[in-house]
Structure formats: structure tokens, C-alpha cells
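Each chain, letter by letter, is given below.
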Amino acid sequence: MKASKIIFILFIASGLYFSGCKSMNKSQKGAVIGTTAGGAAGAVIGRASGNTAMGAVIGATVGGVSGAVIGRQMDKQAEEIRNEIPGVTVERVGEGIVIEFSDNILFEFDSYKTSRAAEVNLEKLITILNKYPETNIEVHGHTDSRGSRSYNQNLSEQRAGSVTTYLASNKIAANRLSKIGFGEGEPKYDNDTEEGRSKNRRVEFAITANETMIENAN
């Protein structure tokens, strides 16, 4: 099953390549992805790559000319996040943005309470997110494999909930927000090393267009 999923990812990637992706910007690639992959494809890619936020973004893809318009808006937002918030990973995927915060940026070890340093970074993110109000924000909590599955699941939900609550209490509209805890079930890095476990303790944001942005892009 794992092999077939990877083959599927390679199939999507080759589709981008043979559509001339070398000459495309990220917005144009988003339009091609939208034509090629919908929600089911996004879920498969996300699960197979261990990147659930990527799957959420691809699953929300519109495609076509509208997707290219949305992609250009996402390009600008992603660049601002990269420039303003140190220590986070920002990826432009299709028509959305994936942001990864490691747990040491947000939380103390084994805790779901945001630190003051984390809140400084989240406030910077909030400022940018509110400049682009026509987006949905999905918050994903993840843990490493140490501890029981039930404990890790609960911790991941608490961390996603803590970040979501902070955003909502600082002027991010609640109807833009959703949260999911994945526990240890979707590792993105190697849980057999300390470095990998540290990276797996993360919170990710999937930023996608809401209905208003999609309508305006038509």
C-alpha cells in the first residue's frame, strides 16, 4: 500500500513536469494541480508523504484560471510569513500554504500551553493572516512516538486546540478556524532519532481559499 501511494505521488509529479512546470511559477502550478488532483488525491498524497497539511491544501484545490488567481494571492502571503517569522517552515503548495512550527517554538516539552516566545511569533502570524481574511486555517497537532498512543493523541489535540484558541482570542474569526489532532500517527520525520522525534512534535497550518476568495477569483 505504501509503495502504491508513492507511485501515485510520482504520477502527479510527472503530470506537473510534462505540463511544462519548469517554466511555471507556483500560481500556475496550482492551476495544473487543481486539474489533476482533488480531495481524494490530496488525502493520498498527504498521508503517503506524512504531510497532512499538504493533503488538506491539495484537497481544497479549485484549479483552472481561478486556481491561478488564488495562487498569486497565496504567493504574496507566503512570502510575508517567511520574511516576518523566524524559525518556521513555509511551503507554497498548489493554491495554498503549509506552515510548520516545531514544538520548541511553541511549547515547553510535554506541554500544550503556549510560551511567551511562541505568542510573539503567533502574533506576527495573526497580523499577516488578518491582512488576507478570505482564507480558511486548519491547525494540525502532531507528536512523536514516545508514550502511549492515547496520551499522544490527547496531547496533539490539546496543542492544536491551544493554538486555535489563541488565534481566535486574537481577532482571527472563529469561522476561519478548524483543528485536528493526529497524535503520533502521521510522522513526517524519523522517529528512531532524537532529531526526527523533535521535528515530529510539531503544529502545522493548512491555509486555503474560502468561498469568498474562490468566488472573487472566478
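Up top you'll find the structure we're talking about.
Source: prediction; values computed, not measured. (Residues numbered from 1 in each chain as written. Predicted model: local features only at pLDDT ≥ 70, side-chain atom pairs only at ≥ 80, totals over all residues. Heavy atoms only, no water.)

## With respect to the sheet that holds strand β3 (residues 135–141)
Here is step 1 of the chain: Read across the sheet, five strands follow the order β1-β2-β5-β3-β4 without closing on themselves; strand pairing throughout is mixed. Strand pairing shows two members of the sheet lacking a second neighbour, β1 (89–93) and β4 (177–181), which therefore form its edges. Averaged over all adjacent pairs, the angle separating strand axes in this sheet is 20 degrees, with direction ignored.
Here is step 2 of the chain: By the bridge criterion, five bridges tie β3 to β4 in an arrangement that is parallel. Note that in β4 the partner of Glu138 across the bridge is Ser178.
Here is step 3 of the chain: Across the sheet, helix α4 (residues 52–59) touches β1, β2 (96–102), β3 and β5 (202–209), and the angle it forms with β5 is around 5 degrees. (Pairing = 2+ DSSP bridges. Helix = DSSP H or I, 4+ residues; strand = E, 2+ residues; numbered from the N terminus. Axes fitted to C-alpha atoms, helices over the stretch in contact; angles between N-to-C directions. Contact = heavy atoms within 4.5 Å.)

## Section: the nonpolar core
Here is step 1 of the chain: The biggest cluster of nonpolar side chains holds 34 residues, and the ones touching the most others in it are Ile99, Phe101, Ile137, Val163, Leu167 and Phe205.
Here is step 2 of the chain: Breaking this core down by element, the ones donating at least two residues are α5 (64–84), β2, α6 (103–106), α7 (116–131), β3, α8 (149–168), β5 and α10 (211–217).
Here is step 3 of the chain: In terms of residue count, α7 provides more of this core than any other element does, six residues in total.
Here is step 4 of the chain: Discounting residues that sit within four places of it in the chain, Leu167 has contacts with Ile126, Ile137, Val139, Ile172, Leu177 and Phe205.
Here is step 5 of the chain: Membership of the second largest hydrophobic core comes to seven residues, among which are Val57, Val93, Val98 and Ala206. (Core = buried A, V, L, I, M, F, W, Y, C linked by side-chain atoms within 4.5 Å. Buried < 20%, exposed > 50% of the residue type's maximum accessible area, 1.4 Å probe, protein only.)

## Some details on the packing of α5 against α7
Here is step 1 of the chain: Here α5 crosses α7 at 165 degrees, and the two axes come no closer than 10 Å. Classified by the angle between their axes, α5 and α7 sit roughly antiparallel to one another. Classified by chirality, the crossing of α7 by α5 is right-handed. Across the interface between the two elements, Gln77, Glu80, Ile81 and Glu84 of α5 pack against Lys124, Leu125, Ile128, Leu129 and Lys131 of α7.
Here is step 2 of the chain: Its residues assigned to classes, the contact of α5 with α7 comprises four nonpolar, one polar and four charged. (Parallel < 35°, antiparallel > 145°, perpendicular 65-115°, else oblique. Left-handed = near helix turned anticlockwise from the far one by under 90°. Nonpolar A, V, L, I, M, F, W, Y, C, P; charged D, E, K, R; others polar.)

## Notes on α8
Here is step 1 of the chain: For α8, spanning 20 residues, the distance from its first C-alpha to its last is 28 Å, which sits close to the expected 28 Å at 1.5 Å a residue.
Here is step 2 of the chain: Burial in α8 covers these residues: Asn152, Leu155, Ser156, Arg159, Ala160, Gly161, Ser162, Val163, Thr164, Tyr166 and Leu167.
Here is step 3 of the chain: Those residues of α8 hidden inside the fold are in contact with α6, α7, β3, β4 and β5. (Expected span 1.5 Å × (residues − 1).)

## Observations regarding α4
Here is step 1 of the chain: Taking burial as the measure, the eight residues of α4 include six buried ones, the bulk of the element.
Here is step 2 of the chain: Within α4 the residues assigned to the buried category are Thr52, Ala53, Met54, Gly55, Val57 and Ile58.

## What to know about the packing of α7 against α8
Here is step 1 of the chain: Put simply, α7 and α8 touch, their axes get as near as 11 Å, and they point 55 degrees apart. Overall, the two elements α7 and α8 adopt an arrangement that is oblique. Viewed along their axes, α7 and α8 form a crossing whose handedness is right-handed. Along its contact with α7, which presents Arg116, Glu119, Leu122, Glu123 and Ile126, the element α8 presents Val163, Tyr166 and Leu167.
Here is step 2 of the chain: Looking at the contact of α7 with α8 residue by residue, the class counts come to five nonpolar, no polar and three charged.

## Quick look at the environment of Asn154
Here is step 1 of the chain: Inspection of the secondary structure assignment puts Asn154 in helix α8.
Here is step 2 of the chain: Accessibility expressed as a relative area gives 37% for Asn154, which makes it partly exposed.
Here is step 3 of the chain: With 28 residues separating them along the chain, Asn154 and Phe182 place their C-alpha atoms 9.0 Å apart.

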